[in-house]
Amino acid sequence: MTDTAIPTDTAPPDSRFANDDLRPVPPEERRWTTYNFAALWVGMAHNIPSWTLASGLVALGMDWKQAVFTIAVANVIVLGPMLLTGHAGPKYGIPFPVLARASFGLRGANLPALIRAAVACCWFGIQTWIGGQGVFVLLGKVFGGWADASVIGGELWTLWLCFVLFWALELAIIHRGMETLRRFENWAAPFVLVGAVVLLVWIAHKAGGLGPLLDQPSKHGWGRDFWPVFFPSLMGMIGFWATLSLNIPDFTRFGKGQRAQVWGQTLGLPTTMTAFALLSVLVTSGSQAVYGVPIWDPVELVARTDSVFGLLFALLTVLIATISVNIAANVVSPAYDLANLAPRFITFRTGALITGVVGVVIFPWKLTSTPELYIFTWLGVVGGLLGTVAGILIADYWIIRRTVLDVPDLYRPGGRYWYRAGWNWRAVAAFAIGGVLAVGGSYSTVDAKGAKQGPFPVDGLIPALKPLADYGWAVGLGAALVVYAGLMGTSGRKTRGGAAPSP
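All values reported here derive from a predicted model rather than from experimental measurement.

Caption draft 1: Structural view of the overall build of the chain. If you tally the helices and strands in the chain, you get 20 helices and 2 strands. Expressed as a percentage of the 503 residues in the chain, the buried residues total 59%. Considering only residue pairs separated by 6 or more positions, the chain has 82% of its internal contacts joining residues 24 or more positions apart. Carbon and sulfur atoms form 66% of the exposed surface of the chain, whose accessible area is close to 19,000 Å².

Caption draft 2: Representation of the side chain of Arg101 in the model. The topology assignment puts Arg101 in helix H6 (residues 96–104). For the buried Arg101, no salt bridge exists, and the shortest N-O distance to an oppositely charged side chain is 9.6 Å, to Asp337. Within the structure, Arg101 has its side chain in polar contact with the backbone oxygen of Leu410 (distance 2.9 Å).

Caption draft 3: Looking closely at the packing of helix H8 (residues 157–174) against helix H16 (residues 348–361). At a minimum axis separation of 10 Å, H8 and H16 run at an interaxial angle of 160 degrees. Looking at the two axes, H8 sits roughly antiparallel to H16. By crossing handedness, the relation of H8 to H16 is classed as right-handed. Contacts between H8 and H16 involve Phe163, Trp167, Leu171 and Ile174 from the former and Phe348, Ala352, Leu353, Gly356, Val357 and Val360 from the latter. Within the contact of H8 with H16, the residues separate by chemical class into 9 nonpolar, 1 polar and no charged.

Caption draft 4: Broad picture of a nonpolar patch on the surface. A surface patch of nonpolar side chains, amounting to about 450 Å² of accessible area, comprises Leu353, Ile354, Val357, Val358, Val361 and Ile362. Structurally, Val358 can be placed in helix H16. A relative accessible area of 30% places Val358 in the partly exposed class.

Caption draft 5: Structural view of the environment of Ile48. Residue position: Ile48 is located in helix H2 (residues 48–51). The class of Ile48 is buried, set by a relative accessible area of 10%. Sequence spacing of Ile48 and Trp296 is 248 residues, and the spatial spacing of their C-alpha atoms is 9.5 Å. Once residues lying within four places of it in the same chain are set aside, the contact partners of Ile48 are Ile130, Asp297, Pro298, Val299, Val318 and Thr322.

Caption draft 6: Quick look at helix H12 (residues 258–291). Taking 1.5 Å of rise per residue, the 34 residues of H12 would be expected to cover 50 Å, and the 48 Å separating its terminal C-alpha atoms lies within 8% of that figure. Of all the bends in H12, the greatest measures close to 30 degrees and is centred on Thr272. Directly beyond the C-terminal end of H12, a positive phi value near 85 degrees is found at Gly292.

Caption draft 7: Fine view of helix H1 (residues 34–45). Taking 1.5 Å of rise per residue, the 12 residues of H1 would be expected to cover 16 Å, and the 17 Å separating its terminal C-alpha atoms lies within 8% of that figure. Among the 12 residues that make up H1, 10 are buried, leaving the element largely enclosed by the rest of the structure. All of the buried residues in H1 are Asn36, Phe37, Ala38, Ala39, Leu40, Trp41, Val42, Gly43, Met44 and Ala45.

Caption draft 8: Main features of the pattern of salt bridges. Summed over all chains, the structure comprises 6 salt bridges. In this structure, Asp409 and Arg416 form a salt bridge, with 3.0 Å as the shortest nitrogen-oxygen distance. The buried category is assigned to Asp409, whose relative accessible area is 6%. Here the residues in one salt-bridge network are Asp406, Asp409, Arg412 and Arg416, joined through shared partners.

Caption draft 9: Spotlight on the packing of aromatic side chains. This structure, assessed with the given rule, holds 22 aromatic pairs. A centroid spacing of 5.2 Å and a plane angle of 75 degrees characterise the contact between Trp51 and Phe276, whose relative ring orientation is edge-to-face. Linking Trp51 in helix H2 with Phe276 in helix H12, this pair joins segments that are 225 residues apart in sequence. Each member of the pair, Trp51 as well as Phe276, carries the same accessibility label: buried. Three or more aromatic residues link up through ring pairs in this structure, and these residues are Phe69, Trp222, Phe226, Trp227, Phe230, Phe231 and Tyr471. Above the ring of Tyr291, the side-chain terminus of Arg304 is found at 4.7 Å from the ring centroid.

The rules behind each value
- Sequence positions are assigned chain by chain, starting from 1 and proceeding in written order.
- Where totals are concerned, whole chains, interfaces and linings use all residues; where local detail is concerned, this predicted model gives features only for residues with pLDDT of at least 70, and gives and counts side-chain atom pairs only at 80 or more.
- The side-chain numbers reported here are obtained from all heavy atoms of the structure, hydrogens and water having been left aside.
- A run of H or I in DSSP becomes a helix once it reaches four residues, and a run of E becomes a strand once it reaches two; helices and strands are each numbered from the N terminus.
- Using a 1.4 Å probe on the protein chains alone, a residue whose accessible area is under 20% of its type maximum counts as buried, one over 50% counts as exposed, and one in between counts as partly exposed.
- A contact between two residues is defined here by any heavy atoms of the two lying within 4.5 Å.
- Accessible surface is estimated by sampling points in the Shrake-Rupley manner with a 1.4 Å probe; for residues, cover comes only from the protein chains shown.
- Counted charges follow a simple rule, with Lys and Arg positive, Asp and Glu negative, and His plus the chain ends left uncounted.
- Think of a salt bridge as a Lys or Arg side-chain nitrogen and an Asp or Glu carboxyl oxygen that are within 4 Å of each other.
- In protein, a polar contact requires one atom able to donate a hydrogen and another able to accept it; more generally it is a pair of N or O atoms within 3.5 Å, and residues adjacent in sequence count only if both atoms are side-chain atoms.
- Only the contacting stretch of a helix is used when fitting its axis, a line to C-alpha atoms as for every element, and angles between N-to-C directions run 0 to 180 degrees.
- Roughly parallel refers to an angle under 35 degrees, roughly antiparallel to one over 145, roughly perpendicular to one between 65 and 115, and oblique to any angle outside these ranges.
- Rotating anticlockwise by less than a right angle from the far helix to the near helix defines a left-handed crossing, while the corresponding clockwise rotation defines a right-handed one.
- Gly is put with the polar residues, along with every residue not named as nonpolar or charged; the nonpolar set is Ala, Val, Leu, Ile, Met, Phe, Trp, Tyr, Cys and Pro, and the charged set is Asp, Glu, Lys and Arg.
- The patches reported here contain residues having more than 30% relative accessible area and no salt bridge. Joining distances are 9 Å for like charges and 5 Å for nonpolar side chains (Val, Leu, Ile, Met, Phe, Trp, Tyr).
- By this rule, a helix spans an expected 1.5 Å times one less than how many residues it contains.
- To obtain the bend at a residue, axes are fitted to the seven residues ending there and to the seven starting there, and the angle between these axes is taken.
- The pairing test for Phe, Tyr and Trp rings, Trp by its six-membered ring, is centres within 6.5 Å, and the orientation test on the planes gives stacked under 30 degrees, edge-to-face over 60, and tilted for anything in between.
- In our convention, an over-ring charge means Lys NZ or Arg CZ found within 6 Å of a ring centre and within 35 degrees of that ring's normal.

Honestly, it's all geometry; don't read function into it.
Below, the structure written as structure tokens:
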């Protein structure tokens with residue numbers, strides 16, 4: 001990967017497919033360094049759902065070593081698509097929905113963009129609710145009496161207040177733009193890491209050691225009973241960051257060069273997620289030694305202290321950690337994606353506001369109610385669909401076009417990426433085939449009493465595809481990549497250098 005940034009022309013000034021947020025970032029304004037990208041990942045990885053990923057795997061019968069191993073492998077795997085799709089950012093300065101126009105067409109790019117935006121809105125709601133709950137619990141310990149408040153809409157009004165204030169704070173930060181986000185992530189990342197280490201030191205001191213959880217054996221061992229749990233869990237862990245493997249150009253477009261994004265992401269993602277999973281296991285093990293039960297929720301654990309300073313420090317850590325991941329992972333992308341839908345009417349800031357509203361009204365936090373629903377259903381299905389889009393983007397950019405794009409035509413109706421009425425039917429067909437193969441066999445497990453543990457049929461939506469369901473992300477990415485490359489390769493015209501296939 002070269003470090004060369006292509007001096008790109010701006011989008012046609014009268015194009016209805018462009019606005020100031022979607023146009024290429026000029027090379028002189030691409031300032032993000034290796035540290036900025038590493039800090040971005042540290043800030044995004046250090047959050048409550050990431051902390052509790054290991055607990056979901058332990059609840060499925062893994063021991064702590066298997067859980068950390070699964071998370072580590074997943075993040076090494078997902079790093080590959082991150083780097084491949086992220087390459088177009090420093091080279092051309094374009095965001096994800098504009099990159100998708102090369103493969104899906106100027107109008108067709110709205111299909112993957114809106115899928116990505118919908119997933120991000122759900123994640124925004126999940127993270128904001130979790131953050132609001134954390135604020136509620138910790139402030140309740142500081143001031144007392146919060147649990148005695150009256151109930152509105154099934155929840156205490158004090159909880160709703162924390163949720164709304166947290167939501168407003170997030171949108172206020174993103175309203176100031178990407179440069180403010182870069183500065184916020186720079187100091188948020190080390191602060192949250194220090195907070196996690198402080199929590200480990202505190203619980204280890206109280207426990208006089210790290211407790212019995214580290215000695216708990218796996219229910220599956222490392223034999224044939226382990227792998228049927230490992231592979232769907234692995235796909236679920238990949239699905240946790242599969243969203244960013246699509247829209248990482250939204251960030252790398254601000255990078256100084258390829259080295260900055262490659263080294264920053266490599267140093268930031270797999271190492272951080274693995275270390276954070278290990279920290280969560282060690283802290284939870286200490287909590288079992290102190291309180292007799294494993295407490296995987298860091299907010300619930302910290303709430304057991306009587307130190308006002310400790311509570312306020314934890315409150316600040318929860319605020320920074322949740323805001324850091326939610327803005328970067330779940331607001332930036334849909335803001336660009338929605339702007340791509342109607343560039344003349346929706347700016348980056350307007351898209352962020354729409355994301356905030358949608359993320360609240362769909363109540364997606366119920367998806368985390370059980371490990372089976374959260375890991376297998378939510379993360380597994382999302383990972384399968386997004387893997388399909390990633391396969392198309394990688395095939396188009398690396399195999400078909402060999403990283404060469406005609407940037408002005410990405411904004412020009414009638415240009416080489418217009419295809420037929422703005423849609424490339426080959427990309428849509430590859431998405432449909434890859435998506436069916438990836439998630440068509442989705443199924444629900446049953447518990448010891450025979451009760452179904454998810455929304456899908458036990459035999460799978462399409463029984464013949466059930467064996468593929470546990471590998472949804474890999475199946476979707478691989479199938480879509482092969483189908484798209486095959487369809488484009490038979491179109492009858494070369495595409496290297498940006499030349500268009502026949503419609």
